[in-house]
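The residues making up each chain are set out below.
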Amino acid sequence: MEQGLPDTSCESYAGLSLSQIHKSYGSQVALAGVSFQVARGEIVAVLGPSGCGKSTLLGIIAGLEKPDRGEVCWAGASLTGLPTHQRGFGLMFQDFALFPHQDVFENIAFGLRMAGYPRQKIRERVEQVLELVGLPGFPQRDVNTLSGGEAQRIALARSLAPFPHLLMLDEPLGSLDRTLREHLMLELGEILRKSQQTAIYVTHDQEEAFAVADRIVLMNAGSVLQTGAPIDIYRHPGSLFAARFLGLNNLLPGRLLSKTEGNFIETAVGVFPLPAGQPVQAHEQFTVLLRPELAEAGKPGSCQISGKVQSISFRGGTSKVAVISNGLRLEFEFPSSTVLPAGGEELVLSFDPDEALQIIYE
Amino acid sequence: MKALSARLRSISFHYWLLWVAPLAFLGVFYFYPLVNILAVSFGRGQSGPVAPFIEVFTTPSLLKILGFTFWQATLSTAFTLLFGLPGAYLLARYRLRGRNLILALTGIAFVLPTLVVAAAFNAILGPRGWANLLLMQMLGLEQPPLHFVNTFGAILLAHVFYNTTIILRLVGDFWAHLDPRLEQAARVLGANGWQTLRRVTLPLLTPALASAALLVFIFDFTSFGVILVLGGPRFATLEVEIYNQTISLFNLPLAAALSLIQLGCTLALTVLYTRLNARLARPLSLRPRQFTLRRLQSWQGRLLAGLYLAALLGLLTLPLVALVTRSLTRVESLPDGSGVLAIHPTLDYYRELGVNRFNSLFFIPPITSIAISLGYATATVALALALGLPAAWALAHNRKAASSQVFEPLLMLPLGTSAVTLGLGFIIALDRPPLDLRASPLLIPLAHTLVAFPFVVRSLAPALGSIKPRLRQAAAVLGANPGLVFRYIDLPLVGRALFVAAIFAFTISMGEFGATALVSRPEYPTLPVMIYRFLSQPGSLNYGKALALSTILCLITAAGMLAIERFRIADIGEF
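Residues numbered from 1 in each chain as written. Chains lettered and ligands numbered in written order. Predicted model: local features only at pLDDT ≥ 70, side-chain atom pairs only at ≥ 80, totals over all residues.

**Some remarks on the overall build of chain B**
Line of reasoning, step 1. Each helix and strand in chain B was counted, giving 24 helices and four strands.
Line of reasoning, step 2. With 575 residues in all, chain B has 47% of them scored as buried.
Line of reasoning, step 3. Put simply, of all contacts in chain B between residues at least 6 apart along the chain, 79% involve residues at least 24 apart. (Helix = DSSP H or I, 4+ residues; strand = E, 2+ residues; numbered from the N terminus. Buried ≥ 20, exposed ≤ 12 C-beta atoms within 10 Å, placed from the backbone. Contact = placed C-beta atoms within 7 Å.)

**A few points about the overall build of chain A**
Line of reasoning, step 1. Scanning chain A for helices and strands turns up nine helices and 20 strands.
Line of reasoning, step 2. Across the 362 residues in chain A, those meeting the buried criterion constitute 41%.

**So, the interface of chain B and chain A**
Line of reasoning, step 1. Facing the 22 residues of chain B at the interface are 22 residues of chain A.
Line of reasoning, step 2. Secondary-structure elements contributing two or more residues to the side of chain B that touches chain A are α1 (2–44), α19 (469–477) and α20 (482–493) of chain B.
Line of reasoning, step 3. When the residues that make up the side of chain B that touches chain A are grouped by side-chain class, the tally is 17 nonpolar, three polar and two charged. (Nonpolar A, V, L, I, M, F, W, Y, C, P; charged D, E, K, R; others polar.)

**A closer look at helix α3 (residues 119–132) of chain A**
All names here are of chain A.
Line of reasoning, step 1. For α3, spanning 14 residues, the distance from its first C-alpha to its last is 20 Å, which sits close to the expected 20 Å at 1.5 Å a residue.
Line of reasoning, step 2. Of all the residues in α3, the buried ones are I122, R125, V126, V129 and L130. Buried residues in α3, looked at end-on, bunch into an arc of 135 degrees, giving them a common side. Turned more than 90 degrees away from the buried face of α3, the exposed residues are Q120, K121 and E131.
Line of reasoning, step 3. Tucked inside the fold, the buried residues of α3 contact α2 (104–114) and α4 (148–160). (Expected span 1.5 Å × (residues − 1). Arc of directions from axis to C-beta.)

**Points about the nonpolar core**
Line of reasoning, step 1. Counting residues in hydrophobic clusters, the biggest one holds 265 residues, and the most contacted among them are M168 of chain A together with L460 of chain B.
Line of reasoning, step 2. Lining this core are residues from two domains, each supplying at least three of them: domain 1 (16–244) and domain 2 (251–360) of chain A.
Line of reasoning, step 3. With sequence-adjacent residues up to four places away left out, L460 of chain B is seen in contact with G388, L389, A392, V494, A497, L498 and A501 of chain B. (Core = buried A, V, L, I, M, F, W, Y, C linked by C-beta atoms within 7 Å. Domains from an automatic or database assignment.)

**Here we look at the confidence of the model for chain A**
In low-pLDDT segments, the atomic positions of the prediction should not be examined closely.
Line of reasoning, step 1. When pLDDT is averaged across chain A, the result is 85; 96% of the residues are at 70 or more.
Line of reasoning, step 2. Throughout residues 1–7 of chain A the model reports pLDDT below 50, and contacts reaching past four residues in sequence, or to other chains, amount to 16 contacts. (pLDDT = per-residue confidence, 0-100.)

**Some words on the environment of L205 of chain B**
Residue and element names in this part refer to chain B.
Line of reasoning, step 1. Inspection of the secondary structure assignment puts L205 in helix α9 (residues 193–221).
Line of reasoning, step 2. Separated by 27 residues in sequence, L205 and L178 place their C-alpha atoms 8.5 Å apart.
Line of reasoning, step 3. Discounting residues that sit within four places of it in the chain, L205 has contacts with V171, F174 and W175.

**Structural notes on the pairing of strand β2 (residues 28–38) of chain A**
All names here are of chain A.
Line of reasoning, step 1. Across eight bridges, strand β1 (residues 16–25) lies against β2 in antiparallel orientation. The residue of β2 that forms the bridge with L18 is F36.
Line of reasoning, step 2. Linking two consecutive strands that pair antiparallel, namely β1 and β2, is a turn of two residues; a positive phi of about 60 degrees is found at G26 within it. (Pairing = 2+ DSSP bridges.)

**Overview of the sheet that holds strand β6 (residues 89–92) of chain A**
In a beta sheet, neighbouring strands pair by backbone hydrogen bonds and run either parallel or antiparallel.
Residues and elements named next belong to chain A.
Line of reasoning, step 1. In space, the six strands of this open sheet follow the order β6-β7-β8-β3-β9-β10, with mixed pairing throughout. Single-partner strands in this sheet number two, and they are β6 and β10 (223–228). Strand-to-strand twist of the sheet, defined as the mean angle between neighbouring strand axes without regard to direction, takes the value 20 degrees.
Line of reasoning, step 2. Note that strand β3 (residues 43–47) and strand β8 (residues 199–203) share five bridges and pair parallel. Its bridge partner lying in β8, V44 is registered against I200.
Line of reasoning, step 3. Strand contacts of α4: β6 and β7 (166–170), with the helix running at about 170 degrees to β6, the strand carrying the most contacts. (Axes fitted to C-alpha atoms, helices over the stretch in contact; angles between N-to-C directions.)

**Regarding the environment of F89 of chain A**
Line of reasoning, step 1. Looking at the secondary structure, you find F89 of chain A in strand β6.
Line of reasoning, step 2. Since 27 C-beta atoms lie within 10 Å of it, F89 of chain A is described here as buried.
Line of reasoning, step 3. Here the alpha-carbon distance between F89 of chain A and H165 of chain A, two residues 76 residues apart in the chain, equals 5.6 Å.
Line of reasoning, step 4. What F89 of chain A contacts, discounting residues up to four positions off in sequence, is I61, A62, P164, H165, L166 and M168 of chain A together with V477 of chain B.

**Considering the sheet that holds strand β12 (residues 262–267) of chain A**
Residues and elements named next belong to chain A.
Line of reasoning, step 1. Pairing in this open sheet of five strands is antiparallel, and the strands run β13-β12-β11-β14-β20 from one edge to the other. Each edge of the sheet is formed by a strand with only one pairing partner; in this case those strands are β13 (270–273) and β20 (357–360). Averaged over neighbouring strand pairs, the angle between their axes works out to 40 degrees when direction is ignored.
Line of reasoning, step 2. As judged from the four bridges shared by β12 and β13, these two strands associate in the antiparallel manner. Along β13, the bridge assignment pairs F264 with P273.

**Points about the environment of G277 of chain A**
Line of reasoning, step 1. One can find G277 of chain A in the loop between β13 and β14 (286–290).
Line of reasoning, step 2. As a C-alpha pair, G277 of chain A and D354 of chain A span 77 residues in sequence and 8.3 Å in three-dimensional space.

**Description of the packing of helix α3 (residues 60–93) of chain B against helix α7 (residues 152–176) of chain B**
All names here are of chain B.
Line of reasoning, step 1. Interaxial distance between α3 and α7 falls to 7 Å at its minimum, and their mutual angle equals 40 degrees. Taken as axis vectors, α3 and α7 run oblique relative to one another. You can see that α3 and α7 cross each other, and the crossing is right-handed.
Line of reasoning, step 2. Class assignment for the residues of the contact of α3 with α7 results in 17 nonpolar, nine polar and no charged. (Parallel < 35°, antiparallel > 145°, perpendicular 65-115°, else oblique. Left-handed = near helix turned anticlockwise from the far one by under 90°.)

**Looking at the pairing of β12 of chain A**
Each regular strand displays side chains that alternate between the two surfaces of the sheet.
Residues and elements named next belong to chain A.
Line of reasoning, step 1. In terms of strand pairing, strand β11 (residues 251–259) meets β12 through five bridges, oriented antiparallel. Counted as the bridge partner of L256 is I265 from β12.
Line of reasoning, step 2. With antiparallel pairing between neighbouring strands as the criterion, β11 and β12 make up a hairpin whose turn holds two residues.
Line of reasoning, step 3. Here β12 hands over to β13 after two residues, the two strands then running antiparallel side by side.

**Observations concerning α20 of chain B**
Residue and element names in this part refer to chain B.
Line of reasoning, step 1. Between its first and last C-alpha, α20 extends 15 Å over 12 residues, near the 16 Å set by a 1.5 Å rise per residue.
Line of reasoning, step 2. Within α20, the full set of buried residues consists of V485, Y488, I489, D490 and L493. Seen along its axis, α20 keeps its buried residues to an arc of 155 degrees; they face one direction.

Laid out in structure tokens, this is it:
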């Protein structure tokens, strides 16, 4: 799934292609050479913490902001100098930006009217997208009376209506409460896929990104750290930042230990066999990631860790357990059915090093 | 990079284009006459061009006039703010029965010609006003006990009467659309009512407050009719002195020097304001009014609001009631010399309006002046909006740009220039080629547009600047080009401000007197000119006709205001 760096000329790519986008505000660098591509029909999530430049990037793609350097291309043509309204892209704002002086129908019809669709076509399309977002029979509503979830759907309908080549969603669920968010993130992905919409979905929430996207672009401090399918990103975070951002906090400084029976890695909580397929250079510093969900509790094995249970937090289907081992705090996730010792008691964990350990260089 | 810099250049070029029409207008109809009048004035100076300035700053009486001008304007502005702010708060935050009526009444007060206001205050508090008549009858006095006319108090009261509407409208309108959740957030964070007001509400209101206070101050600073008529000979401001020096003494060099000093003061104030505003203005998310209005809950609140509104309505309506009733009343002493007054209701003054008593080419039936004024006012609205909209647009979208910083004070200059100076400038500069407009029917609308223009820009620019940039971006992303963004987003959202601007232009035109008196042709008198003619002629019939015409002017503007307050196009401006 990993895409190569785009060519300097963008003629070769049918979808969206960003090459070396730079943008600074005064001395503050918002984007430091961002490049990636979005294929037609693909949903790409741009994932990163607040302030990493995600929204600036959307503004640049939409033509609301000008990059200092770099090029945005669509279907092989550079968009430099092309004003926002001629790009044929859609953008769903975080605060929705519904026009307060227009009703639901007028809001959704806006883009179609701008595109010069005949009246009858507009009415049909508005009905169609309202149906799509699950709010048929809403056209006459005053947008100021909509609930958060309704406003979100109307904003989505408005962005989808004029058949944008590319739809950008800027933290579309950011202002909604948790239950609604979980419900809508699944639905949103379905709607986008159903309409085969090419989309860029910006979020700081990895769950959202995992649920919606075909591919994830992980960003931090104005740069792309890693791109790949959700599962690949989660399985193989390429950096300490990526690991921490994905909630993987069992990060142990490690050292290579060569013995006669093979290579081992030495950490503060134990010595483990070097995981297969992850070659390590001797004398090099690295970090070992221990995956929280891939350890088994209370089952001694060839590869094990023991420690005191610090806390157990019940999360519904799973329980999160914090264990203090040799002074280090480690987190694990077990199915709720697992029998766990009480806080303060000893817990033994075992795991398969090939699966549960990953070497990260930094 | 090339494309980017070209784009940047085209953006600033686009803003410069917006300035072309407004600046051309100001150049031809403001600066050109001003240069002419100054050239004429300085040309006549006997002892060098700076002699008039030396005279101003070495003559104690002129220095006193200068000081008094500032003093009365400061005091008037302070009283107007004190009196108007509670009203702005009430109108902004509470559902009040009769709010449209209150707004319309304050609007009428604002647009009344100064002569009519003077007459109205005279009709209630003057030596033969209702209050004195009543006291004389009740106490059996031979002399009127109240001495109101020719006092400082009369000037202040009339200024508050005039300008309260500016506070109610500019501040109240902004306040009404201020998101109450910001205040609620402050309350939740532990601020009490006073802290919320001081730390959240007032700072957010500051741009509107500063803009309104500045307008009021400049108005009071350049006030003319009120001080001339209600202040009497004891109180002279710069404006009155310019008039005296020009009309009575023909000392044009001194008049020019005084008007230059006046201009300098207002320019300085405006520059100060512009600086302040550029720092204070921030895009606020304005809320539809129906979400910001509450009901008054406690009885204390209702009582206070009731008392305040009674005082407001009293100040605003009593002079008008006096005006109307006097226009329908004949008061005369009984012929027996007892001093007892006889009061008869009568319609004679109105009947006389259709009669041309003078049978001269220059005199027409008084009623015709109404049609003339309406025509001029319509033309003024069209001109002022056509010129004001691009300027306000450029200001709102590019306030930090050099062009805005330079041009905004320029736009305000006509406000700081006395009506007398404006009229005189037109007469001197526009009566010969290349611009001979003496016979043009556009001359008066042009003069009125000059006066109305700053108001139009002032009421449009904040509304244009307050629309969230997000909405424009959303429209652009949905395919709207800049023109369509303006048409579908800005125009409907500033609809209310546009209406306010149009009303300002219309009512200023209907009531403008200072410049009109100098510029208008005798065979086409406007309503205020006609009123002035009758006021300056002796006899109770002429006085009555003046009051009748004033009453009609009140009714026309009241009808216009009420219609606009009530029948805004499908609430389109009520964002």
